[in-house]
Amino acid sequence: MPPKDVTPKSLKIAWIADPKKFGKKPGYPKPSLRDRLRHEAGWSFVRVSSKEICAGALRHGGYDLLVVPGGYAPNFAEALGEHGGRCIREFVSEGGGYLGICAGAYLGSMWGFELLPVEILDIDHWARGKTEDCRLCSTAAGVRVAGSVLPDIFSVRHANGPLFGILDDCVEPLLLFESDLRGQRGTYPALMRGSPACVAGPLGRGRVVLLSPHMEGSPAVADAFRSFVAWAAGGRMAIADLPPGVPQAVPQCVELGAAAGVASDVAVEVAEFTDIENGTDGEDTDMDVPSLVRLRSLAQFEQVLDEVDFEASEAGDLDFPPPPTPPPRLVLARSCSDGCSGQLREVSPADLEAFALKIQRAARTRVAPTGASERPAKVASKSSSAAAAATVANTVARRASSKPCASIDGPLLRRGGADYVCWLGGPILLTAPHSMKIMRGGGETGERMRAHKRERWTAEMALVLARRLHTRGVPASVMFWNRIAGPGRGRKDPNYLLPSQYPTSPWHCALHRWALWSGGLPIRAGGGARSTPLLHIDLHGKVSEKLHLDLGAASLEEVWPRADMPFVAALKSRFRTLLDQAMQECGVVSLTGKQIEVDVDPVLHGFWGENTVTTISHQTVQLGIPAVQFEMPPRLRERLVLDPALGTAFASAILDIYHNLVTPWWFERAQCSTPWPLVRQLQPELAGSVEEHSLEDVGFDEWAGKLLNELLEIERSTSEVQI
């Protein structure tokens with residue numbers, strides 16, 4: 001991070017106040033921010049409203065920097081909305097600056113408008129306390145920005161500011177916490193000391209500084225605070241300093257030449273595509289950086305093709321899919337990772353090979369299995385397979401019938417016990433592959449080994465939904481990790497497996513066991529289908545509190561032939577309709593009070609790409625079984641576990657789709673001449689390696705209920721950092 005001119009003669013700064021506190025709460029805002037920037041530095045300091053920001057005031061007003069001070073983060077988020085967030089992102093990416101203090105720091109993180117790749121640690125315990133003596137220490141990056149005016153150790157006011165978790169090495173900490181506030185009773189996890197108190201990094205041509213404590217309130221460090229402000233505002237001044245030979249088109253561009261009929265001179269603005277990470281130690285979060293980059297690059301490339309195909313198809317000069325062409329030539333540029341200097345560096349092919357991740361460079365194409373016909377298969381009506389469906393209903397009902405329940409002595413989850421918990425006796429499979437801290441990458445993947453944190457409430461959701469389905473007459477299979485099993489670094493992430501790793505993964509083997517439980521997939525020889533329709537729902541959590549449940553069905557869209565796309569489209573549409581209705585009726589809203597809805601075309605879509613690692617839902621789709629992935633924000637997950645009405649509504653939606661869409665399609669599809677949409681055969685030898693829990697002497701509801709209570713008790717007493 002080269003030193004910059006930290007005392008520009010003139011800066012034009014916009015700031016926004018908490019709309020619910022400004023003019024209503026006595027003493028808000030404190031005068032210290034105005035004193036530091038206007039009175040002492042002589043900079044222009046203009047208040048703008050959320051409406052003005054949404055109308056483009058930042059981009060058209062000649063501002064160098066936006067400051068979002070303290071307040072209550074949800075108030076800012078509600079007033080600005082998604083459109084206001086986009087306006088701020090555009091302002092910064094085009095060369096502006098952003099300084100977020102306390103509430104404004106929350107807003108600039110992945111929790112808010114995603115200006116920097118930093119998460120908020122332990123957000124459930126955000127109210128860690130207020131103090132006038134919060135001790136901070138400087139870092140080497142902080143000294144490079146502020147110079148000698150930044151003390152080694154100093155104290156400032158802190159008022160429930162965020163704890164940051166850095167997700168990408170383009171972000172650097174400028175200050176670290178020396179204090180450790182743990183709530184009024186001192187019971188919160190000890191995460192504060194040593195964590196970043198101030199972080200800085202680039203967004204396109206601009207810069208972002210997120211400051212958790214109120215450094216502006218301490219005159220003793222006023223010069224250092226203004227240095228941080230000036231650095232953030234320096235994005236516009238740094239563009240002329242680009243090194244020779246580096247492309248100056250900003251946002252950073254990826255030129256995609258000769259790909260799927262796209263002209264070689266087409267340039268696409270994809271700033272997020274260039275968030276390449278070359279490996280850091282430590283734990284990762286909801287999606288570790290290499291995985292997130294892999295997915296975002298793939299999704300962005302697909303977005304480019306969609307736009308080009310749409311325009312060309314209207315003109316009548318391009319068939320879909322495009323004809324095969326040589327792989328695209330990539331020219332990548334990214335902001336420097338060694339200090340967020342505002343400069344760009346070129347990423348050469350050799351650099352790409354050196355990175356731990358392998359970004360997907362080819363467009364996703366829909367390739368039918370060998371021999372599959374392109375004759376469209378309609379979504380079946382109920383009447384077309386009524387007899388077969390009735391038989392299945394009777395079979396399922398018998399399996400769901402209650403057994404006399406014996407009491408369960410002792411805990412079911414034991415330290416030193418099996419790594420996973422599974423029961424595979426039902427046609428609807430609910431999995432929670434990130435219900436325990438596990439390892440991802442390493443070995444055959446060619447990537448560094450890294451940890452993926454536990455996704456809170458996912459195992460509990462699987463049990464809640466399974467019990468609801470059971471009471472409605474359809475037994476559900478469940479699989480999740482035993483979170484107290486003890487050390488086990490060799491556990492592989494089921495959502496990140498290469499095909500060569502399938503035989504050693506109990507999760508993949510469980511898919512074979514579950515499918516074979518029904519008698520296998522439909523076999524037409526000898527008189528038609530003889531199996532039970534299956535449906536797999538994979539449950540996940542995401543850090544973001546955005547207003548969506550991400551419904552990932554990309555594996556179905558990418559792996560299955562076109563003949564089955566009407567069914568896939570109907571599956572996505574029906575899930576969106578029923579789950580939206582369930583969340584609306586139960587009042588499921590975000591932190592800002594907005595209705596959470598289903599997104600059927602999200603970035604987190606469950607498909608890493610071709611000839612690479614696979615998610616568990618992708619593995620199921622390869623076996624010819626419909627599977628979708630749910631990515632849910634924390635509030636929705638917690639509500640689903642603790643609110644019986646919401647759990648029942650979700651289970652009813654799943655049951656409706658299983659009975660009225662999956663089952664008729666399954667039997668109609670079995671009667672078609674088109675081969676079954678599978679690319680991998682079921683293997684009994686894999687199925688035999690899975691250890692199921694025995695329910696011989698106990699009913700499913702009692703077994704699942706006891707497991708749920710044990711997990712909830714563990715959750716109440718744990719200090720584990722989770723997603």
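Residues numbered from 1 in each chain as written. Predicted model: local features only at pLDDT ≥ 70, side-chain atom pairs only at ≥ 80, totals over all residues. Heavy atoms only, no water.

Provide a residue-level description of the overall build of the protein chain, including the pertinent values.
Looking only at helices and strands, the protein chain features 20 helices and 25 strands. Here the protein chain holds 723 residues, and the buried ones make up 59% of them. Sequence separation of at least 24 residues holds for 80% of the intrachain contacts in the protein chain that already meet a minimum separation of 6. Total accessible area computed for the protein chain in this model is approximately 28100 Å², and 51% of it derives from carbon and sulfur atoms. (Helix = DSSP H or I, 4+ residues; strand = E, 2+ residues; numbered from the N terminus. Buried < 20%, exposed > 50% of the residue type's maximum accessible area, 1.4 Å probe, protein only. Contact = heavy atoms within 4.5 Å. Areas by Shrake-Rupley, 256 points an atom, 1.4 Å probe, with all protein chains shown as cover.)

Which residues make up the nonpolar core, and what values go with them?
One finds Phe 575, Phe 630, Phe 650 and Trp 703 to be the most contacted residues of the largest nonpolar core, which totals 101 residues. The greatest single-element share of this core, amounting to 15 residues, is contributed by helix H18 (residues 644-670). For Phe 575, the contacting residues outside a window of four places in its chain are Ile 537, Leu 551, Asp 580, Val 628, Phe 630, Ile 654 and Ile 657. The next biggest cluster of nonpolar side chains, apart from the first, holds 78 residues, and it includes Leu 37, Phe 45, Ala 77 and Leu 99. (Core = buried A, V, L, I, M, F, W, Y, C linked by side-chain atoms within 4.5 Å.)

Lay out the pattern of salt bridges in plain terms, naming residues and giving numbers.
Tallied over the entire structure, the rule returns 24 salt bridges. With its nearest N and O atoms 3.2 Å apart, the salt bridge here joins Lys 20 to Glu 78. Of this pair, Lys 20 sits in the loop between strand S1 (12-15) and helix H1 (32-39) while Glu 78 is found in helix H4 (residues 73-93), placing the two residues 58 residues apart along the sequence. Given a relative accessible area of 47%, Lys 20 falls into the partly exposed group. A salt bridge links Glu 557 to Lys 572; the shortest N-O distance between them is 2.7 Å. In this pair, Glu 557 is assigned in helix H14 (residues 554-559) and Lys 572 in helix H15 (residues 565-585), connecting sequence segments 15 residues apart. The pair formed by Glu 557 and Lys 572 is uniform in burial state, with each residue classed as buried. Each of Arg 454, Arg 456, Glu 460, Arg 483 and Glu 715 takes part in one network of salt bridges that share partners. (Salt bridge = Lys/Arg side-chain N within 4 Å of Asp/Glu carboxyl O.)

Explain unusual backbone geometry to me, using residue names and the numbers behind them.
A cis amide bond, omega -5°, links Tyr 28 with the succeeding residue Pro 29. If you trace the backbone, Pro 29 turns up in the loop between S1 and H1. Of note, the phi angle at Cys 102 is positive, near 55°, even though the residue is not glycine. Note that Cys 102 resides in the loop between strand S4 (97-101) and helix H5 (103-108).

So what's going on with the packing of helix H12 (residues 458-471) against helix H17 (residues 634-642)? Residues and values would help.
Describing two packed helices takes the angle between their axes plus the distance from one axis to the other. Running from amino to carboxyl end, H12 crosses H17 at an angle of 40°, the nearest separation of the two axes being 9 Å. Accordingly, the angle class assigned to the pair H12 and H17 is oblique. Taken as a pair, H12 and H17 cross one another with a handedness that is left-handed. The residues of H17 that touch H12, namely those facing Thr 458, Glu 460, Met 461 and Val 464, are Arg 637, Leu 640 and Val 641. Considering only residue class, the contact of H12 with H17 consists of 4 nonpolar, 1 polar and 2 charged. (Axes fitted to C-alpha atoms, helices over the stretch in contact; angles between N-to-C directions. Parallel < 35°, antiparallel > 145°, perpendicular 65-115°, else oblique. Left-handed = near helix turned anticlockwise from the far one by under 90°. Nonpolar A, V, L, I, M, F, W, Y, C, P; charged D, E, K, R; others polar.)

I'd like a description of the side chain of Arg 456, backed by residues and values.
Secondary-structure assignment places Arg 456 in the loop between strand S20 (450-452) and H12. Side chain to side chain, Arg 456 and Glu 715 meet in a polar contact 2.8 Å long. Excluding anything up to four places from it in sequence, Arg 456 contacts Asp 124, Arg 637, Glu 715, Glu 720, Gln 722 and Ile 723. (Polar contact = N/O pair within 3.5 Å; in protein donor to acceptor, adjacent residues only side chain to side chain.)

Before we move on, can you summarise H1 with the specific residues and values?
Burial in H1 covers these residues: Ser 32, Leu 33, Arg 36 and Leu 37. Buried residues of H1 fall within an arc of 110° about the axis and therefore sit on the same side. For H1, the secondary structure elements touched by its buried residues are S1, strand S2 (44-47), strand S3 (65-68), S4 and helix H7 (222-233). (Arc of directions from axis to C-beta.)

Explain the sheet that holds strand S18 (residues 428-432) to me, using residue names and the numbers behind them.
Strands belonging to one sheet form pairs held by backbone hydrogen bonds; the direction of such a pair is parallel or antiparallel. Taking strand neighbours across the sheet as the criterion, the 7 strands line up as S17-S21-S18-S22-S25-S23-S24 in an open arrangement whose pairing is mixed. Looking at the sheet topology across the chains shown, the edges are occupied by strand S17 (420-423) and strand S24 (597-599). For this sheet, the mean angle separating the axes of adjacent strands, direction not counted, is 20°. Note that strand S22 (residues 535-541) and strand S25 (residues 627-632) share 6 bridges and pair parallel. Residue pairing across strands places Ile 537 opposite Val 628, the latter belonging to S25. H18 contacts S18, S22 and strand S23 (548-552) of the sheet and is inclined by roughly 150° relative to S22. (Pairing = 2+ DSSP bridges.)

So what's going on with the packing of aromatic side chains? Residues and values would help.
Applying the stated rule across the entire model yields 14 aromatic pairs. Both rings, one in Trp 665 and one in Trp 666, keep their centres 6.3 Å apart while their planes meet at 80°; by these two values the pair is edge-to-face. Taken together, the ring pairs connect Trp 560, Phe 567, Trp 665, Trp 666 and Trp 676 into an aromatic cluster. It is Lys 12 that lies over the ring of Tyr 63; its NZ or CZ is 4.8 Å from the centre. (Phe/Tyr/Trp six-rings, centres within 6.5 Å; stacked < 30°, edge-to-face > 60°. Lys NZ or Arg CZ within 6 Å of the ring centre and 35° of its normal.)

Summarise the sheet that holds S2; cite the residues concerned and give the values.
Ordered in space as S2-S1-S3-S4-S11-S10-S9-S6-S7, the 9 strands form an open sheet in which the pairing is mixed. Two strands close off the open sheet at either side, each with one partner strand: S2 and strand S7 (153-159). Adjacent strand axes in the sheet meet at a mean angle of 25° when their direction is disregarded. In the sheet, strand S10 (residues 196-203) pairs with strand S11 (residues 206-211) via 6 bridges, with the strands oriented antiparallel. By the bridge assignment, Ala 200 is partnered in S11 with Val 209. H1 rests against S1, S2, S3 and S4 of the sheet, and its axis sits at about 140° to S2.

Please set out the packing of H12 against H18 residue by residue, giving values where relevant.
Packing of H12 against H18 leaves a shortest axis separation of 9 Å and a crossing angle of 65°. In terms of orientation, H12 lies roughly perpendicular with respect to H18. Handedness of the H12/H18 crossing: right-handed. Two secondary-structure elements touch here, H12 through Val 464, Leu 465, Arg 468 and Leu 469 and H18 through Pro 644, Gly 647, Thr 648, Phe 650, Ala 651, Ile 654 and Leu 655. Taken together, the residues of the contact of H12 with H18 sort by class into 8 nonpolar, 2 polar and 1 charged.

How would you sum up the confidence of the model for the protein chain? Please name residues and give values.
Mean pLDDT over the protein chain: 76, with 72% of residues reaching 70 or higher. Considering only residues more than four positions removed or in separate chains, one finds that residues 236-287, a stretch of pLDDT under 50, has 146 contacts. Within the model, pLDDT remains below 50 along residues 292-385, and this stretch shows 220 contacts once partners closer than five positions in the same chain are excluded. (pLDDT = per-residue confidence, 0-100.)

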